[in-house]
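Breakdown of the fold
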Amino acid sequence: MNNIDTRSWFPLVRSTELPYRHVAHAQLFGYELALWRDDTGAVNVWENRCPHRGLRLTLGTNTGTDLQCRYHGWSFESGDGGCSFVPAHRDDSEPSKACVLTLPVSERNGFVWAAFDPDTTEPQFSASPSKQAIVLRSVAMQGPLERVRAALEHYRYSPKAAETSVPTNSAEVSHLSSYSLRISVLGESGPVDVQFNLLPASAGKTLVHAAVSGDASASEVVRQHHAFLLEDLRRTLAAECSPTVTEQTDQLKPIRFIVPNKQAGSASIICEVLRRWKESDGVMAFELRSISGKLPPMQAGAHINLRTPSGLVRQYSIVNAPTERATLTIGVKLEPDSRGGSASMHASALPGTHLEFVPTRNTFPLLDTPKYPVLIAGGIGITPLVSMAQALHAAGKDFRLHYFVRSDEHVSFASRMAAFQDKLVLHAACTPQETKSILDQVLTQSSQPQIVYACGPGPMLTTIRACTQAAGMPDADVRFEIFRNDKDFGDGKPFTVKLKRNGQTITVPRGETLLAALKRNGIPVEASCEQGICGSCLTRVSSGVPEHRDSYLTPQEKAANTCMMACVSRAISEELELDL
Ligand code: FES
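This text gives an overview of the structure that appears in the document. (Residues numbered from 1 in each chain as written. Predicted model: local features only at pLDDT ≥ 70, side-chain atom pairs only at ≥ 80, totals over all residues. Heavy atoms only, no water.)

Okay, the overall build of the protein next. Check the secondary structure of the protein and you find nine helices and 34 strands. Of all intrachain contacts in the protein linking residues separated by at least 6 positions in sequence, the fraction that spans at least 24 positions is 63%. By element, 50% of the accessible surface of the protein is carried by carbon and sulfur atoms, the whole surface being about 26500 Å². (Helix = DSSP H or I, 4+ residues; strand = E, 2+ residues; numbered from the N terminus. Contact = heavy atoms within 4.5 Å. Areas by Shrake-Rupley, 256 points an atom, 1.4 Å probe, with all protein chains shown as cover.)

The biggest cluster of nonpolar side chains holds 47 residues, and the ones touching the most others in it are Leu12, Leu35, Val45, Leu152 and Phe196. Residues contacting leucine 152, with those up to four places away along its chain left out, are Leu181, Ile183, Phe196, Leu198, Val208, Leu230 and Leu233. With 25 residues, the next largest nonpolar core counts Ala300, Leu366, Ala377 and Val411 among its residues. (Core = buried A, V, L, I, M, F, W, Y, C linked by side-chain atoms within 4.5 Å. Buried < 20%, exposed > 50% of the residue type's maximum accessible area, 1.4 Å probe, protein only.)

So, on to the environment of glutamate 481. By secondary structure assignment, the location of glutamate 481 is in strand E27 (residues 478–481). For glutamate 481, a relative accessible area of 4% gives the class buried. Measuring from C-alpha to C-alpha, the distance between glutamate 481 and alanine 454 comes to 6.4 Å, with 27 residues separating the pair along the chain. Every residue in contact with glutamate 481, bar those within four places of it in the chain, is listed here: Gly301, His303, Ser317, Thr363, Phe364, Pro384, Ala454, Cys455 and Leu461. Reaching out from glutamate 481, the side chain makes a polar contact with the side chain of histidine 303 at a distance of 3.5 Å. (Polar contact = N/O pair within 3.5 Å; in protein donor to acceptor, adjacent residues only side chain to side chain.)

Three- or four-residue spacings in an α-helix give side chains the same orientation, since the helix completes a turn every 3.6 residues. Look at helix H4 (residues 382–394): 18 Å from first C-alpha to last across 13 residues, which is about the 18 Å you get at 1.5 Å a residue. Counting buried positions along H4 yields 11 of 13 residues, so the element is predominantly enclosed. When H4 is considered as a whole, its buried residues turn out to be Ile382, Thr383, Pro384, Leu385, Val386, Ser387, Met388, Ala389, Gln390, Ala391 and Leu392. Once H4 ends, the next one or two residues include glycine 396, with phi positive near 75°. (Expected span 1.5 Å × (residues − 1).)

Another point: the packing of aromatic side chains. Per the counting criterion, the structure on display carries nine aromatic pairs. With a centroid separation of 4.6 Å and an interplanar angle of 75°, the aromatic rings of phenylalanine 10 and tyrosine 179 are classed as edge-to-face. Placement of phenylalanine 10 in strand E1 (residues 10–14) and of tyrosine 179 in the loop between strand E13 (172–177) and strand E14 (180–187) is noted, with a sequence separation of 169 residues between them. With respect to class, phenylalanine 10 is no different from tyrosine 179; both count as buried. Ring centres of tyrosine 155 and tyrosine 157 lie 5.8 Å apart, and the angle between their planes is 35°; this geometry places the pair in the tilted category. Classification of tyrosine 155 by relative accessible area gives buried; the value is 4%. Judged by its relative accessible area of 0%, tyrosine 157 falls in the buried class. Put simply, the rings of Phe10, Phe29, Tyr31, Phe116 and Tyr179 pair up and form one aromatic cluster. Looking at arginine 275, its charged tip hangs above the ring of tryptophan 277, at a distance of 4.1 Å from the centre. (Phe/Tyr/Trp six-rings, centres within 6.5 Å; stacked < 30°, edge-to-face > 60°. Lys NZ or Arg CZ within 6 Å of the ring centre and 35° of its normal.)

Moving on, we come to the sheet that holds strand E9 (residues 105–108). Reading across the sheet, the three strands line up as E1-E10-E9 and stay open at both edges, with antiparallel pairing between neighbours. The open sheet has two edge strands with one neighbour each: E1 and E9. On average, each strand axis in the sheet is tilted by 30° relative to the strand beside it, whichever way the strands run. (Pairing = 2+ DSSP bridges. Axes fitted to C-alpha atoms, helices over the stretch in contact; angles between N-to-C directions.)

Attention now moves to the sheet that holds strand E5 (residues 61–62). The strand order across the open sheet built from four strands is E5-E6-E7-E8, with neighbouring strands paired in antiparallel fashion. Each having just a single partner strand, E5 and strand E8 (83–85) make up the two edges of the open sheet.

Even without being glycine, phenylalanine 413 reaches a positive phi, approximately 55°. Looking at the element boundaries, phenylalanine 413 is found in the loop between strand E24 (400–405) and helix H5 (414–417). Overall, the relative accessible area of 1% leaves phenylalanine 413 in the buried class. Non-glycine residue glutamine 421 carries a positive phi angle of around 50°.

Our focus in this paragraph is the pairing of strand E2 (residues 23–28). For E2, the tally of buried residues reaches five of six residues, placing the bulk of the element in the interior. Both E2 and strand E3 (residues 31–37) contribute to a ladder of six bridges, which runs antiparallel. When the sheet's bridge partners are listed, valine 23 is paired in E3 with tryptophan 36.

A word on the pattern of salt bridges. Pairing is possible between side chains that carry opposite charge, provided their charged atoms lie close to one another. This model, assessed by the stated rule, comprises 21 salt bridges. One salt bridge in this structure joins arginine 307 and glutamate 356, with 3.8 Å as the shortest N-O distance. Of the two residues, arginine 307 sits in strand E19 (residues 303–307) while glutamate 356 sits in strand E22 (residues 354–359), which places them 49 residues apart along the sequence. The salt bridge partner of arginine 549 is glutamate 547, with a shortest N-O separation of 3.2 Å. (Salt bridge = Lys/Arg side-chain N within 4 Å of Asp/Glu carboxyl O.)

All right, on to the state of the cysteines then. Under the definition given, this model contains zero disulfides. Cysteine 83 takes part in no disulfide bond, and the closest cysteine sulfur, belonging to cysteine 50, lies 8.0 Å away. (Disulfide = S-S within 2.5 Å.)

For any two helices packed against each other, the geometry comes down to the angle between their axes and how far apart the axes lie. At a minimum axis separation of 9 Å, helix H6 (residues 432–444) and helix H7 (residues 458–470) run at an interaxial angle of 40°. By the angle between their axes, H6 is oblique relative to H7. In this structure, H6 meets H7 at a crossing whose hand is right-handed. Between H6, through Lys436, Leu439, Asp440 and Leu443, and H7, the contact on the second element is made entirely by Thr463, Ile464, Cys467 and Thr468. Its residues placed into classes, the contact of H6 with H7 shows four nonpolar, two polar and two charged. (Parallel < 35°, antiparallel > 145°, perpendicular 65-115°, else oblique. Left-handed = near helix turned anticlockwise from the far one by under 90°. Nonpolar A, V, L, I, M, F, W, Y, C, P; charged D, E, K, R; others polar.)

As a further point, take empty space enclosed by the protein. Enumeration according to the criterion identifies one cavity of 30 Å³ or more in this entry. A volume near 150 Å³ is recorded for the largest cavity. Around the largest cavity sit 17 residues that line it, and Met298, Ile318, Asn320, Ala321 and Glu324 are the ones nearest its centre. Grouping the constituent residues of the lining of the largest cavity by class yields 11 nonpolar, four polar and two charged. (1 Å grid on protein atoms, 1.4 Å probe; cavity = no way out; pocket = protein on both sides within 12 Å on 5 of 7 lines; lining within 4 Å. Points joined across faces, edges and corners; volume = space filled by probe spheres on them.)

We now examine helix H3 (residues 341–348). Listed in full, the buried residues belonging to H3 are Gly341, Ser342, Ser344, Met345 and His346. Its buried side turned inward, H3 meets strand E17 (269–280), strand E18 (283–290), E19, strand E20 (313–317), strand E21 (328–333) and E22.

The following block contains the structure:
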């Protein structure tokens, strides 16, 4: 198909055609797409092609967090499409650099929209002629887009849309864009509009999405009226259309020939502080907007590595609800012993300030489990949990959010939690003993299995760990988000590292981290938090046994000993061989 428009946005399917745990198929300019919604509600539009062997992803399984290819089981994460699991390398923390080609996506006005070019700015959408739009069933018409658009210019209907109505002859036709037109017919109480959005599926097929302005209470009658007329038009076009323009679609055409691919998780994003406000005593909220207009879909529990105005990189959880896709909101507590990160955010990150951040792997996701979610937050630890609670609330799931604060003045994001009602339990001004007794009660009172998600100050997390152990909960059901690693990273015996590719051998003395020793010897290793939290300095281990001191790797990844975080971890064995 010639003249492929990579810069425009197209409505691919109606939102109702994309339920949870489903994978839908769409076609755009002859290229096949796989569409799926993750369990947080975020929609993915991907090239319908597994990067492993090129097979169709629409035949795969939507696990709620990943799309798993049916053939060899490779899984790709919602959002950036990075490979998350390869059955043949099941112990590998980063199984493959493979990445599905993802398209920018937006869900507006009852449709899922996408564009080919990742640098295309999201337009002001106007899919529906009015807020009171009745979305019609989409119809695939035979014929190229120009032919279908010309036929739709003569589309006429009755503004009453009653069963016996006769289509009116006079109408006003407005061309809104190359892919969109509106027909207006005057009814008894004003104009009745039909807006058509056309999707050039292939050279010989155009998908027609339509919405009618009007009273939603009469929607069934309106839908029937237009279904009849559109079916009539479809048959006419099918009879006229030459079979020579239909395309063979059994061969997948790789999209990466028309738009470039990217590596998963590597890109930083420049954003602007859109607004800021005081959330509670000592906590400032910031709403961030991407300068390019694009934000990756981020799941509840995720955080960003944000370069603060001081130049220091800090980790901040997003507090977004699943439907908030245009901007990111974070909460920043002014730390009394700030080394410049939070202090510079409070002092200098004013509206209009540009900041850079990198979205990271979500190490604190909501798990797909029938166990009852118990969310426990202390102070500023509410940020990831308020996002998770909003996701659970939006999905209609029951949960409890226990929020420990020093006083009512320290409650943050109260407006986001207003809808939770009795699912939110506030605990103000508790002593450590009172906190322990509340947690003991919370974790032992339920007869059903629970899963705990907790974020807060270190002593509180230690108490939670003790209570869950006393309650006999398995470690896998107790999930922590940690933003400060209090371990002493330099403490420990000296060890030697051999660099497999570089050929050097380096000694890491007591009192120095592996990261510092590598830098001292001129070996560049990417790093950010330097606390074993963000994942930036992940280094592959070829042989030897690391002593893991980070909060980033999963217990399984730590047990596999195939990678380590150079900023904090050391060695149990005398020597490590690193893939550097
Ligand atoms: S720099 Fe963040 S984990 Fe090492």
